[in-house]
Amino acid sequence: MTTTTAAVARAAHAPFSIEPVSIEAPRPGEVLVRIAGVGLCHTDLIARDQFIPIPLPAVLGHEGAGIVEAVGDGVGKVAPGDRVVIGFSSCGTCPRCAEDLPSYCQSFPALNYAGCRADGSSGLDVAGERVSGHFFGQSSFAGLALVSERNLVRVTHEDVPLDILGPLGCGFQTGAGSVLRSLDCPPGSTIAVFGGGPVGLAAIMAAAIRQCATIILIEPIAARRALALDLGATHVIDPADGDLAAQIRAILPQGVEFALESSGREAVIESALASLTSHGLLGLVGVPPRPDSALSVNIAALITYGHRIHGIIEGDSDLDTFIPELIDLYRAGRFPFDRLITRYPLDRINEAIAAQARGDCVKAVLIP
């Protein structure tokens, strides 16, 4: 066992506590990674608050990046000293994984949300108390993370700052992948992005990469609207100015071909549907406010206009190909995600959560 420092979630809606945590040596197929930085994601907070019912106490964190410290038996993908980004877990054998769609792995909930290995064990404890780990196969709100080999992507470029790369494993790949892969927006197309957080602004950058003709961001925070215009948006909308669909149709009377909704709020999703042109496609990535949240969908409109709705997980990303693609786009100056990041020490995680909630920063990255 090795001791590290971690942010521990002990109760729903309660602050994280910074505690020493014991972590096992890697088992076969596992890798021990020293974390250089880990993104703070809304999914971590809904797990703490039990929307995802991981047993508490738990070490969360699923946007880690760092350096390999040790490897278990049979690991051949990485070696000690390698720089890595850590992504989500997938089985590698089910039909979806075989189609290079690991984010739709048929074992995704068990592998990413259960807080334990497949055999029910956890590699973490605090003074002999079992602590849930293996969140998204990593639990990287800590100085060290015990990671599944399949989760890892080697970073071959030494000129990129390792500590900010972790969000490529979830939030940034979700936004960018939604545009580049899930919706596959072609050049010259039109898109409205609802929500200017990390996912939404990554989608704006991806729409600019795809050379979409009209790129609209709907976002209540003025600083984020201004940033979106810098990152490639052609128009921005303040929801306080009135009906969203009407504002979008004032720009594009026929409506948009694509919409991406990142808030999860039912009324916003309905506005996104109402903004679509014929055969328009709506992608959903936002977590709803409640597990029983539901939509009111006009079926006649769907069959009259051919509107389509696509639930998106992790931007349809295949980690081993898409994360290197995003890093290459960053190095070329075409995906400047570093402009969204504010660094915080891990022991200031609760301050970082408050800052994100206020809109003071777009994406907090925690440095152990």
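Nothing here was measured: the structure is a model prediction, and the numbers come from that model. (Residues numbered from 1 in each chain as written. Predicted model: local features only at pLDDT ≥ 70, side-chain atom pairs only at ≥ 80, totals over all residues. Heavy atoms only, no water.)

Draft legend 1. Summary view of the layout of surface pockets. By volume, the second largest pocket amounts to about 350 Å³. Forming the boundary of the second largest pocket are 19 residues, of which Ser89, Leu111, Arg117, Ala118 and Ser148 lie nearest the centre. The set of elements that each furnish at least two residues to the lining of the second largest pocket consists of helix H3 (108-113) and strand E9 (144-148). For the lining of the second largest pocket, the leading source of residues is E9, giving three residues. Grouping the constituent residues of the lining of the second largest pocket by class yields eight nonpolar, seven polar and four charged. (1 Å grid on protein atoms, 1.4 Å probe; cavity = no way out; pocket = protein on both sides within 12 Å on 5 of 7 lines; lining within 4 Å. Points joined across faces, edges and corners; volume = space filled by probe spheres on them. Helix = DSSP H or I, 4+ residues; strand = E, 2+ residues; numbered from the N terminus. Nonpolar A, V, L, I, M, F, W, Y, C, P; charged D, E, K, R; others polar.)

Draft legend 2. Layout of the packing of aromatic side chains. Taken as a whole, this structure holds nine aromatic pairs when the rule is applied. Seen from their ring centres, Phe172 and Phe337 are 5.4 Å apart, and the 45 degrees between their planes marks the pair as tilted. In this pair, Phe172 sits in helix H4 (residues 171-182) while Phe337 sits in the loop between helix H10 (319-331) and strand E17 (341-345), placing the two residues 165 residues apart along the sequence. Across the pair, exposure class does not vary: Phe172 and Phe337 are buried alike. Ring centres of Tyr330 and Phe337 lie 4.6 Å apart, and the angle between their planes is 40 degrees; on these two criteria the pair is classed as tilted. Since its relative accessible area comes to 16%, Tyr330 is described here as buried. Pairwise contacts between aromatic rings join Phe88, Phe108, Tyr113, Phe135 and Phe136 into one cluster. (Phe/Tyr/Trp six-rings, centres within 6.5 Å; stacked < 30°, edge-to-face > 60°. Buried < 20%, exposed > 50% of the residue type's maximum accessible area, 1.4 Å probe, protein only.)

Draft legend 3. Molecular detail of the packing of H4 against H10. Where H4 contacts H10, the axes come no closer than 11 Å and their chain directions differ by 100 degrees. Considered as vectors, H4 and H10 are oriented roughly perpendicular to each other. Judged by residue contacts, Gln173, Ala176, Gly177, Leu180 and Arg181 of H4 engage Leu319, Thr321, Phe322, Ile323, Glu325 and Leu326 from H10. Tallied by class, the residues present in the contact of H4 with H10 amount to six nonpolar, three polar and two charged. (Axes fitted to C-alpha atoms, helices over the stretch in contact; angles between N-to-C directions. Parallel < 35°, antiparallel > 145°, perpendicular 65-115°, else oblique. Contact = heavy atoms within 4.5 Å.)

Draft legend 4. Summary view of the sheet that holds strand E12 (residues 214-218). Within the open sheet, the six strands sit side by side as E13-E12-E11-E14-E15-E16. Their pairing is parallel. Looking at which strands have only one partner, the edges of the open sheet turn out to be strand E13 (235-237) and strand E16 (308-311). Within this sheet the neighbouring strands show an average axis-to-axis angle of 20 degrees, counted without direction. Here strand E11 (residues 190-194) runs beside strand E14 (residues 256-261); their pairing, made up of four bridges, is parallel. Within E14, the residue paired with Phe194 across the bridge is Glu261. Across the sheet, helix H8 (residues 266-274) is in contact with E11, E14, strand E15 (276-284) and E16; its angle to E15 comes to roughly 150 degrees. (Pairing = 2+ DSSP bridges.)

As far as function goes, none of this settles anything; it's purely spatial.
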